[in-house]
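Chain residues, written in single-letter form:
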Amino acid sequence: MVASYVGENAEFERQYLQGELEVELTPQGTLAEKLRAGGAGIPAFYTATGVGTYIEHGGMPIKYGPDGKVEIESKPRPTAVFDGRKYVLEESIKGDFALIKAHKADKKGNLVFHSTARNFNPPAATAAKITIAEVEEIVEDGEIDADAIHLPGIFVDRVIKGASYEKRIEKLTLRQPENKDEGKPKSEGQIKRERIAKRAAKEFKDGMYCNLGIGIPTLASNFIPEGIKIELQSENGLLGMGPYPEAGKQDPDLINAGKETVTTIPGSAIFSSSDSFAIIRGGHVDITILGAMQVSQFGDLANFMIPGKIVKGPGGAIDLTASGSKVIVTMEHVAKGDKHKILESCNLPLTGAHV
């Protein structure tokens, strides 16, 4: 299994940690580009994502044995230097089948996706020998304007319309009244987190494109200085992310990279995951704010797993920290048991080196 983000999938995590599943943890942007390149007939490519981490050096557990010891680990990647910067070589992915989900199709297989549900569907479709698209509606040829087609039917082999759909929302997150907590005393933890978020928010400059992680990073958007406007980018293909929706106005297809329900704002744009990470890798995001489990004196950070215990996956964090944007880590300085999180050197797998 090649995966980027395990997240809250406890069964997936259990199977991996107990050795029932081989998992190659891959940065989300690299995974998107592996698919895009595979579909474009490009066998491999170089990327700065993962330089200085397990991606370059290898050693990441792929399969555990019944005794918890590592049976298979990742191998080092070839590297090359271009214009004075090191890059790692990544091989593309081509599949036998792609199972994708779209909103609408015509009889020729031309597809339209709805909102951020586009994500990985287009690159996955192009990288497969046979692509099967499940859709909510099938219309006659010509009913979809040629300019409105997101994926041409040449990439689609079969179209299926299901009898019924249940769109589940993993993290229903709603806008709260501004005075909801008025008068309630804040906990010591809330006060600490807000202090950190307020400091991070001072780094915002007018017109910046920003990517904010879950938790304290997102909290920073509540303290944007007066007169400053920023654009929020989400790795799953949304630029111009709005606030959480009001109750009853949530859209299951409109979520952020953390799977929370969100809204758009005037001027928002929605695109595929491969385009989203082209924005990130191309250095078009000005600032990245994210959390971490550990940070070293050298500017290294680790935030996605504790080998043998906790596996969330890197998601888009490795891509973001390698993009050349300004990186800010917002975290409390000690973990449970008063264990230090700011160290001389990280002892967990690195998300980014010297960021």
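Report follows, based on the coordinates. Numbering of residues starts from 1 in every chain and runs along the sequence as written. Given that the model is predicted, a residue must reach a pLDDT of at least 70 before its local features are reported, and side-chain atom pairs must reach 80 or more before they are shown or counted; all residues, however, enter totals for whole chains, interfaces and linings. The side-chain figures draw on all heavy atoms in the structure; neither hydrogens nor water molecules are used.

Two rings from Phe, Tyr or Trp (for Trp, the six-membered ring) form a pair when their centres sit within 6.5 Å of each other. Planes less than 30 degrees apart are called stacked, planes more than 60 degrees apart edge-to-face, and all others tilted. Going through the model one piece at a time under the given rule, you end up with four aromatic pairs. Ring geometry for Tyr 16 and Tyr 64: centres 5.4 Å apart, planes at 65°, overall edge-to-face. Of the two residues, Tyr 16 is situated in helix H1 (residues 10–17) and Tyr 64 in strand S4 (residues 61–64); the sequence distance between them amounts to 48 residues. The buried label applies to any residue whose accessible area, calculated with a 1.4 Å probe on protein chains only, is under 20% of its type's maximum; exposed applies above 50%, and partly exposed to all values in between. Using a relative accessible area of 1% as the deciding quantity, one classes Tyr 16 as buried. One aromatic cluster in this structure is built from Tyr 46, Phe 82 and Tyr 87. The numbering of helices and of strands both runs from the N terminus, where a helix is a DSSP run of H or I of at least 4 residues and a strand a run of E of at least 2.

A strand pair is defined by DSSP finding two or more bridges across the two strands. Inspection of the sheet shows strand S14 (residues 209–212) paired to strand S15 (residues 231–234) by two bridges, in the parallel sense. Bridge assignment links Cys 210 to a residue of S15, and that residue is Leu 232. Pairing of S14 with strand S18 (residues 287–290), which is carried by three bridges, proceeds in the parallel orientation. What sits directly across from Asn 211, in S18, is Thr 288.

With that out of the way, let us pick up the packing of helix H2 (residues 28–39) against helix H7 (residues 273–281). In this analysis an axis means a line fitted to C-alpha atoms, helices contributing only their contacting stretch, and an angle means the value between N-to-C directions, from 0 to 180 degrees. The N-to-C vectors of H2 and H7 enclose an angle of 125°; their axes lie 9 Å apart at closest approach. Considered as vectors, H2 and H7 are oriented oblique to each other. Judged by the sense of rotation from one axis to the other, the crossing of H2 with H7 is left-handed. Facing H2, whose interface residues are Gln 28, Gly 29, Ala 32, Glu 33 and Arg 36, H7 presents Ser 273, Ser 274, Phe 277 and Arg 281. For classification purposes, angles smaller than 35 degrees are called roughly parallel, those larger than 145 roughly antiparallel, those between 65 and 115 roughly perpendicular, and all remaining angles oblique. By convention the crossing between two helices is left-handed if the near helix lies anticlockwise of the far one by an angle smaller than a right angle, and right-handed if it lies clockwise. By definition, residues are in contact when any of their heavy atoms lie within 4.5 Å.

Moving on: the sheet that holds strand S10 (residues 111–112). The strand order across the open sheet formed by three strands is S10-S9-S12, and the pairing between neighbours is mixed. If you trace the sheet from one side to the other, it starts and ends with S10 and strand S12 (137–139), each paired once. Bridge count for strand S9 (residues 104–106) against S12 is three bridges, and the pairing is parallel. Note on S12: the bridge partner recorded for Asp 106 is Val 139.

Before going further, it helps to spend a moment on H1. Among the residues making up H1, those that are buried are Phe 12, Glu 13, Tyr 16 and Leu 17. The arc that holds the buried residues of H1, viewed along the axis, is 125°, so those residues lie on one side. Looking at the buried positions of H1, the neighbouring elements they touch are strand S1 (2–3), S4, strand S21 (305–306) and strand S22 (310–311). To be clear, the arc concerns the directions from the helix axis to the C-beta atoms.

So, about unusual backbone geometry. With phi around 50°, Asp 83 is a residue other than glycine that occupies positive phi space. Within the fold, Asp 83 resides in the loop between strand S6 (79–82) and strand S7 (85–91). Although it is not a glycine, Ser 115 adopts a positive phi angle of roughly 55°. Among the structural elements, Ser 115 can be located in the loop between S10 and helix H4 (121–126). With relative accessibility at 13%, the residue Ser 115 sits in the buried group.

Let us now look at the sheet that holds strand S13 (residues 158–161). The sheet built from three strands is open, its strands ordered S8-S11-S13 with parallel pairing. Both outer strands of the open sheet, strand S8 (95–101) and S13, are each paired with one neighbouring strand and no more. Averaged over all pairs of adjacent strands, the angle between strand axes in this sheet comes to 20°, irrespective of strand direction. Bridge analysis of S8 against strand S11 (residues 128–135) gives six bridges, and the strand direction is parallel. Among the inter-strand pairings, Leu 99 is bridged to a residue of S11, identified as Ile 132.

What follows concerns the environment of Lys 198. Inspection of the secondary structure puts Lys 198 in helix H5 (residues 188–201). The class for Lys 198 is partly exposed, based on a relative accessible area of 42%. It is 8.4 Å that separates the C-alpha atoms of Lys 198 and Leu 219, two residues lying 21 residues apart in sequence.

The subject of this paragraph is the environment of Asn 110. Along the chain, Asn 110 turns up in the loop between S9 and S10. Owing to a relative accessible area of 13%, Asn 110 belongs among the buried residues under this scheme. Separated by 57 residues in sequence, Asn 110 and Lys 167 have C-alpha atoms that sit 22 Å apart. Here Asp 106 takes part through its side chain, which lies 3.0 Å from a polar atom of the side chain of Asn 110. What qualifies as a polar contact is a pair of N or O atoms within 3.5 Å, subject to a donor-acceptor requirement within protein and to the restriction that residues adjacent in sequence count only when both atoms come from side chains. Engagement of the side chain of Asn 110 in a polar contact is seen with the backbone nitrogen of Gly 153, the distance being 2.7 Å.

Time to look at the nonpolar core. We call a set of buried residues a nonpolar core when its members are Ala, Val, Leu, Ile, Met, Phe, Trp, Tyr or Cys and they connect through side-chain atoms within 4.5 Å of each other. Ranked by size, the top nonpolar core spans 18 residues in total, and within it Phe 204, Cys 210, Leu 212, Ile 230, Leu 232, Ile 287 and Ile 289 carry the most contacts. Mapped onto this core, the elements with two or more residues apiece are H5, S14, strand S16 (238–241) and S18. Top contributing element to this core by residue count: H5, with three residues. Excluding residues within four positions of it along the chain, Phe 204 makes contact with Cys 210, Leu 212, Ala 220, Ile 224, Ile 228, Ile 230, Ile 287 and Ile 289. Within the second largest apolar cluster, 17 residues are counted, among which are Leu 17, Leu 21, Met 305 and Ile 318.

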